[in-house]
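Read off the chains here:
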2 protein chains.
Amino acid sequence: MNYPTGIKKDHNRLINYKNRGMDLESDLNQSNTYYIDNDIAYIYKKPTPIQVSKVEFINKGAIIKEAFYKEPSTTDYNGIYKGHYIDFEAKETKNKTSFPLANIHLHQYKHLENIERHGGIGFIIVRFTLLDETYLLKASDLFYFTNNNKRKSIPLTFFKKRGFLIKEGYNPRLDYLKIVDTFWR
Amino acid sequence: MNYPTGIKKDHNRLINYKNRGMDLESDLNQSNTYYIDNDIAYIYKKPTPIQVSKVEFINKGAIIKEAFYKEPSTTDYNGIYKGHYIDFEAKETKNKTSFPLANIHLHQYKHLENIERHGGIGFIIVRFTLLDETYLLKASDLFYFTNNNKRKSIPLTFFKKRGFLIKEGYNPRLDYLKIVDTFWR
């Protein structure tokens, strides 16, 4: 294959950027890799919790033959940024007008509450996939909503009012730490 | 079964305590649960990273039919304590005189270096199982050793000199945060 000079190196990233249907998790992983590569922050997605029930040992390797997905007990992402503990959950919704609260597990809410109380930076990142809009909502604002509403979903207008729209870029795809800088003391 | 008053409730913990062969991971999980229950710190073991290659869907559930263990890209434990980011790796060795450095992956060393540089609290916890001794060694001391030695293992004497012996207790089993308090500003 032939590429114009300088393009080949960034081939994968170029493809990723053009793929507008790329999911939130991939965008965040790409952004976190950017932060790590540039020594900005060390934030990782935790592995999916899996309960292994059957393993076979072949030669020097182990093959898992039966396992089950477990419910996560914390949020998916955490790490360190400018010496601070950072913690968040990321979710996509196909809903165009609101984000159903059932997308986040009860113990994940509790976890975010604990992180806030202990001085960490906690938030959620929600992508409205059909609108192609991604918002960061601080944990404190999430709890402001749940404490003052009996609604089972957060309207998009609430995200527009109290959340932060994360603009999509090339690299990092989602520069959410730029937004953290604006609200974190 | 009959138990004297007040014992039944703590049945599981009683058994655990008596089981002297209990492994380091179980001790740390028990200690972290204690910290969480008492609102002291929120520190979790990350799930083991697993690459899933075959899944079957039966009724409403998913059964993983083929999967493989992946090498972890970070340390196993992290979380928040008194507002600070905390990060560590825990290892057991059957060696009586030294801890082989090969027990920790290269990217885990790099990860701990990054955490230190960004203002987090990084360390390793090493249990010499045959001696029944568990030490906490600060990441800075770990790197002091690796930067000044070509040896492929850290002698027990180094742990005794620069590390901290973690006394085993009932609950928490390993009160390693008490030690963090002694060296963290």
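Because the structure is a prediction, the values reported are computed rather than measured.

> Quick one: what's the story with the environment of Ala-62 of chain A, residue by residue and with numbers?
In this fold, Ala-62 of chain A is placed in strand 3 (residues 61-69). Classification of Ala-62 of chain A as partly exposed rests on a relative accessible area of 21%. Taking the C-alpha atoms as reference, Ala-62 of chain A lies 32 Å from His-105 of chain A; in sequence the two are 43 residues apart. Apart from the residues within four sequence positions on either side, Ala-62 of chain A is in contact with Val-55, Glu-56 and Phe-57 of chain A together with Phe-68 and Tyr-69 of chain B.

> Now, about the packing of helix 3 (residues 106-117) of chain A against helix 4 (residues 139-148) of chain A: what can you tell me, with residues and values included?
Residues and elements named next belong to chain A. Where helix 3 contacts helix 4, the axes come no closer than 10 Å and their chain directions differ by 125°. With respect to their mutual orientation, helix 3 and helix 4 come out oblique. Pair helix 3 / helix 4 crosses with left-handed handedness. On helix 4, the residues that touch Tyr-109, Leu-112, Glu-113 and Glu-116 of helix 3 are Ala-139, Ser-140, Leu-142 and Phe-143. Of the residues assigned to the contact of helix 3 with helix 4, the class counts are five nonpolar, one polar and two charged.

> Residues and numbers for helix 4 of chain A, please.
Among the residues of helix 4 of chain A, Ala-139, Asp-141, Leu-142, Phe-143 and Phe-145 of chain A are the ones counted as buried. Considering only its buried residues, helix 4 of chain A is in contact with helix 3, strand 7 (121-128), strand 8 (133-138), strand 9 (153-155) and helix 5 (156-162) of chain A.

> Give a detailed account of the relation of the copies chain B and chain A, specifying residues and quantitative values.
In screw terms, the move from chain B to chain A is a rotation of 180° and a rise of 0.0 Å along the axis, fitting with an RMSD of 0.0 Å. One copy is carried onto the other by what is essentially a two-fold rotation axis.

> Talk me through the pattern of salt bridges; I want residue IDs and the actual numbers.
Residue and element names in this part refer to chain A. All chains considered together, the criterion is met by 21 salt bridges over all chains. With its nearest N and O atoms 3.5 Å apart, the salt bridge here joins Glu-133 to Lys-160. Residue Glu-133 is located in strand 8, and its partner Lys-160 is located in helix 5; the two are separated by 27 residues in the primary sequence. Residue classification places Glu-133 among the partly exposed positions, given a relative accessible area of 22%. You can call Lys-160 partly exposed: its relative accessible area is 49%. Counted as one network, the salt bridges with shared partners bring together Asp-27, Arg-127, Glu-168 and Arg-173.

> Describe the sheet that holds strand 3 (residues 61-69) of chain B, listing the residues and the values that go with them.
Spatially, four strands are ordered 2(A)-3(A)-3(B)-2(B) in an open sheet, and the strand pairing comes out antiparallel. Among the strands making up the open sheet, the edge pair consists of strand 2 (50-58) of chain A together with strand 2 (50-58) of chain B. Neighbouring strand axes in the sheet, compared pairwise and without regard to direction, differ in orientation by 25° on average. Alignment of strand 2 of chain B against strand 3 of chain B, held across eight bridges, turns out to be antiparallel. If you follow Phe-57 of chain B over to strand 3 of chain B, its bridge partner there is Ala-62 of chain B.

> Describe the interface of chain B and chain A, and please don't skip the residues or the numbers.
Listed by partner, the interface residues are 35 residues for chain B and 35 residues for chain A. Counting each side, the surface lost to burial between chain B and chain A is near 2900 Å², with a carbon and sulfur contribution of 63%. In this assembly, chain B and chain A are joined by two salt bridges. For Asp-39 of chain B, the salt bridge goes to Arg-117 of chain A, with nearest N and O atoms at 2.4 Å. Where chain B touches chain A, the interface holds 13 residue pairs in polar contact (both at pLDDT 80 or more).

> Tell me what's going on with the pairing of strand 7 (residues 121-128) of chain B, and back it up with residues and numbers.
All names here are of chain B. For strand 7, the buried fraction is high: eight of the eight residues fall into the buried class. With eight bridges joining them, strand 5 (residues 84-93) and strand 7 adopt parallel strand pairing. Note on strand 7: the bridge partner recorded for Asp-87 is Gly-122. Across six bridges, the pairing between strand 7 and strand 8 (residues 133-138) is antiparallel. Along strand 8, the bridge assignment pairs Phe-123 with Lys-138. Hairpin connection of strand 7 to strand 8: four residues between the antiparallel strands, including Asp-132 at a positive phi of 60°.

> For the pairing of strand 4 (residues 77-81) of chain A, give the residues involved together with the corresponding values.
Residues and elements named next belong to chain A. The buried fraction of strand 4 amounts to five of the five residues, a majority that puts the element mostly inside the structure. Side-chain alternation along strand 4 places Tyr-77, Gly-79 and Tyr-81 on one buried face and Asn-78 and Ile-80 on a second face that is also buried. In this sheet, strand 4 lies alongside strand 1 (residues 41-45) in antiparallel orientation, the contact comprising five bridges. If you follow Ala-41 over to strand 4, its bridge partner there is Tyr-81. Examined bridge by bridge, strand 4 and strand 5 (residues 84-93) share five bridges and lie antiparallel to one another. Bridge pairing links Tyr-77 to Phe-88 in strand 5. Here strand 4 hands over to strand 5 after two residues, with Lys-82 in that stretch at a positive phi of 50°.

> Provide a residue-level description of the environment of Thr-129 of chain A, including the pertinent values.
As for its position among the elements, Thr-129 of chain A is in the loop between strand 7 and strand 8. Separated by 37 residues in the primary sequence, Thr-129 of chain A and Glu-92 of chain A place their C-alpha atoms 6.4 Å from one another.

> Pulling in residues and values, what's your account of the packing of aromatic side chains?
The way to describe two aromatic rings as a pair is by their centre distance and the angle between their planes. Enumeration according to the criterion identifies 27 aromatic pairs over all chains in this entry. Here the aromatic residues Tyr-34, Tyr-35, Tyr-77, Phe-88, Phe-123 and Tyr-176 of chain A are joined through ring pairs into a cluster of three or more. Taking the ring centre of Tyr-144 of chain B as reference, the NZ or CZ of Arg-162 of chain B above it sits at 3.9 Å.

Parameters at a glance
Residues numbered from 1 in each chain as written. Chains lettered and ligands numbered in written order. Predicted model: local features only at pLDDT ≥ 70, side-chain atom pairs only at ≥ 80, totals over all residues. Heavy atoms only, no water. Helix = DSSP H or I, 4+ residues; strand = E, 2+ residues; numbered from the N terminus. Buried < 20%, exposed > 50% of the residue type's maximum accessible area, 1.4 Å probe, protein only. Contact = heavy atoms within 4.5 Å. Axes fitted to C-alpha atoms, helices over the stretch in contact; angles between N-to-C directions. Parallel < 35°, antiparallel > 145°, perpendicular 65-115°, else oblique. Left-handed = near helix turned anticlockwise from the far one by under 90°. Nonpolar A, V, L, I, M, F, W, Y, C, P; charged D, E, K, R; others polar. Least-squares fit on C-alpha atoms with pLDDT ≥ 70 in both. Salt bridge = Lys/Arg side-chain N within 4 Å of Asp/Glu carboxyl O. Pairing = 2+ DSSP bridges. Buried area = accessible area lost by both parts, 1.4 Å probe. Polar contact = N/O pair within 3.5 Å; in protein donor to acceptor, adjacent residues only side chain to side chain. Phe/Tyr/Trp six-rings, centres within 6.5 Å; stacked < 30°, edge-to-face > 60°. Lys NZ or Arg CZ within 6 Å of the ring centre and 35° of its normal.

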